[in-house]
Amino acid sequence: MGKGILGRKLGMTQVFDDEGRQVPVTVIKTDSCVVVQVKTEESDGYEAVQVGFEKASAGSLNKPERGHFERAGVEPRRHLVEFRCDNGEWSEADVGEELDVDMFSVGDKVKVSGISRGKGFAGSIKRHGFSRGPMTHGSRYHRGSGSHGASAFPARVFPGRKLPGRMGGERVTVEGLEVVDVDVDRGLLLVKGGVPGPRKGILKIERD
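Small disclaimer: the values here were computed from a predicted structure and weren't measured.

This part is about helix H2 (residues 63-72). Listed in full, the buried residues belonging to H2 are Gly 67, His 68 and Phe 69. Buried-residue contacts for H2 involve strand E3 (33-39), strand E4 (48-55) and strand E5 (77-84). Its side-chain oxygen 2.9 Å from the backbone nitrogen of Glu 65, Asn 62 forms the N-cap of H2. Once H2 finishes, Gly 73 follows within two positions and takes phi at roughly 70°, a positive value.

This part takes up a positive patch on the surface. Side chains of Arg 117, Lys 119, Lys 126, Arg 199 and Lys 200 sit close together on the surface and give a patch of like positive charge. Mapped onto the elements, Arg 117 comes out in the loop between strand E7 (109-115) and strand E8 (120-122).

Joining two cysteines, a disulfide is a covalent bond between their sulfur atoms. By the definition in use, this model includes 0 disulfides. Between Cys 85, a free cysteine, and Cys 33, which holds the nearest cysteine sulfur, the sulfur-to-sulfur gap is 16 Å.

Moving on, we come to unusual backbone geometry. Residue Phe 153 is joined to Pro 154 through a cis peptide bond whose omega torsion reads 5°. The topology assignment puts Pro 154 in the loop between helix H3 (124-128) and strand E9 (165-167). The backbone of Ser 32 sits at a positive phi, close to 55°, despite the residue not being glycine. Note that Ser 32 resides in the loop between strand E2 (22-29) and E3. Even without glycine at this site, Glu 54 takes up a positive phi of about 70°.

Moving on, we get to the sheet that holds strand E11 (residues 188-192). Taken together, the 6 strands give a closed barrel; going around it, the order is E1-E2-E11-E10-E7-E12, and neighbouring strands pair in antiparallel fashion. Strand after strand, the sheet turns through a mean of 50° between neighbouring axes, direction not considered. Here 6 bridges tie E7 to strand E10 (residues 171-183), and the two strands are oriented antiparallel to one another. Along E10, the bridge assignment pairs Lys 109 with Glu 178.

Now for the environment of Gly 133. In this fold, Gly 133 is placed in the loop between H3 and E9. Taking relative accessible area as the criterion, Gly 133 reaches 5% and is therefore assigned buried. Each C-alpha atom, one on Gly 133 and one on Asn 62, is 53 Å from the other, the two residues being 71 residues apart in sequence. Each residue touching Gly 133, except ones within four places of it in the same chain, is listed here: Tyr 141 and His 142.

Here we take up the pairing of E3. Consecutive residues of a regular strand have side chains that alternate between opposite faces of the sheet. Most of E3 sits inside the fold, with 5 of its 7 residues counted as buried. Direction of pairing for E3 relative to E4: antiparallel, over a ladder of 6 bridges. Pairing of Val 35 across the sheet is with Val 51, part of E4. Where E3 and strand E6 (residues 98-99) come together, 2 bridges link them in antiparallel fashion.

Basis of the calculations
Residue indices follow the written sequence of each chain, beginning from 1 at its first position. pLDDT decides what is reported in this predicted model: residues at 70 or higher carry local features, side-chain atom pairs at 80 or more are listed and counted, and totals for whole chains, interfaces and linings draw on all residues regardless. Calculation of side-chain values draws on the structure's entire complement of heavy atoms; hydrogens and water are dropped beforehand. The classification of residues rests on relative accessible area computed with a 1.4 Å probe and restricted to protein chains. Under 20% of the type maximum is buried, over 50% is exposed, and intermediate values are partly exposed. By the criteria applied, helices consist of DSSP H or I runs no shorter than four residues and strands consist of E runs no shorter than two, each listed in order from the N terminus. We call two residues in contact whenever any of their non-hydrogen atoms come within 4.5 Å of each other. N or O atoms closer than or at 3.5 Å make up a polar contact, with two conditions inside protein: a donor-capable atom paired with an acceptor-capable one, and, for residues adjacent in sequence, both atoms drawn from side chains. The patches reported here contain residues having more than 30% relative accessible area and no salt bridge. Joining distances are 9 Å for like charges and 5 Å for nonpolar side chains (Val, Leu, Ile, Met, Phe, Trp, Tyr). The Shrake-Rupley method, run with a 1.4 Å probe sphere, supplies the accessible areas, and residue values consider only the shown protein chains as cover. What makes a salt bridge here is a side-chain nitrogen of Lys or Arg within 4 Å of a carboxyl oxygen of Asp or Glu, nothing more. His is not counted, nor are the chain ends, whereas Lys and Arg count as positive and Asp and Glu as negative. Note that the charge is assigned to NZ on lysines, CZ on arginines, CG on aspartates and CD on glutamates. Note on disulfides: each one is a pair of cysteine sulfur atoms within 2.5 Å. A strand pair is defined by DSSP finding two or more bridges across the two strands. To obtain an axis, a line is fitted to C-alpha atoms, over the contacting stretch when the element is a helix, and the angle between two such axes runs from 0 to 180 degrees between their N-to-C directions.

Here it is in structure tokens:
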């Protein structure tokens, strides 16, 4: 049995547990996943399983991509993601094997990775949580990033300093999420709480 699957975020909703308590959940669509390649220590230098998600037409792929799927004997997929092998969780994986949400059960702990929503260019207050300066009494410092260092020495800004810049659009992983429900017939996975990324974003779900 594998340790993970790919899915697309549909959005958030709520369900009620056996005691009538409201539980916020994220709905993830996880169908048409297939093992495209099994990498080994001997041939690739590390052990991993490459999984494809969402069927694609051959015309939408370039020649190397088409050749990759033809060698595997697998129908082309739009997205390819690798899962590193450890603890023998992918020991029985075979090329062409279909993956489904039935690998998860209610109560399992999973970690979900995705690309966070892009916020565009943001200042230091929004991007890093800095405090603002006084807004009255003649203050000329309101939402600036503050002093960047001395003028005479070292007369430069050290790399890594928290400054305004592009915010979001980064890979984020949330661990310890609980599987609330598994709908095998519709290929849906309900995970408690929020996960990274916008609606329709691609997610990587692994057993935690």
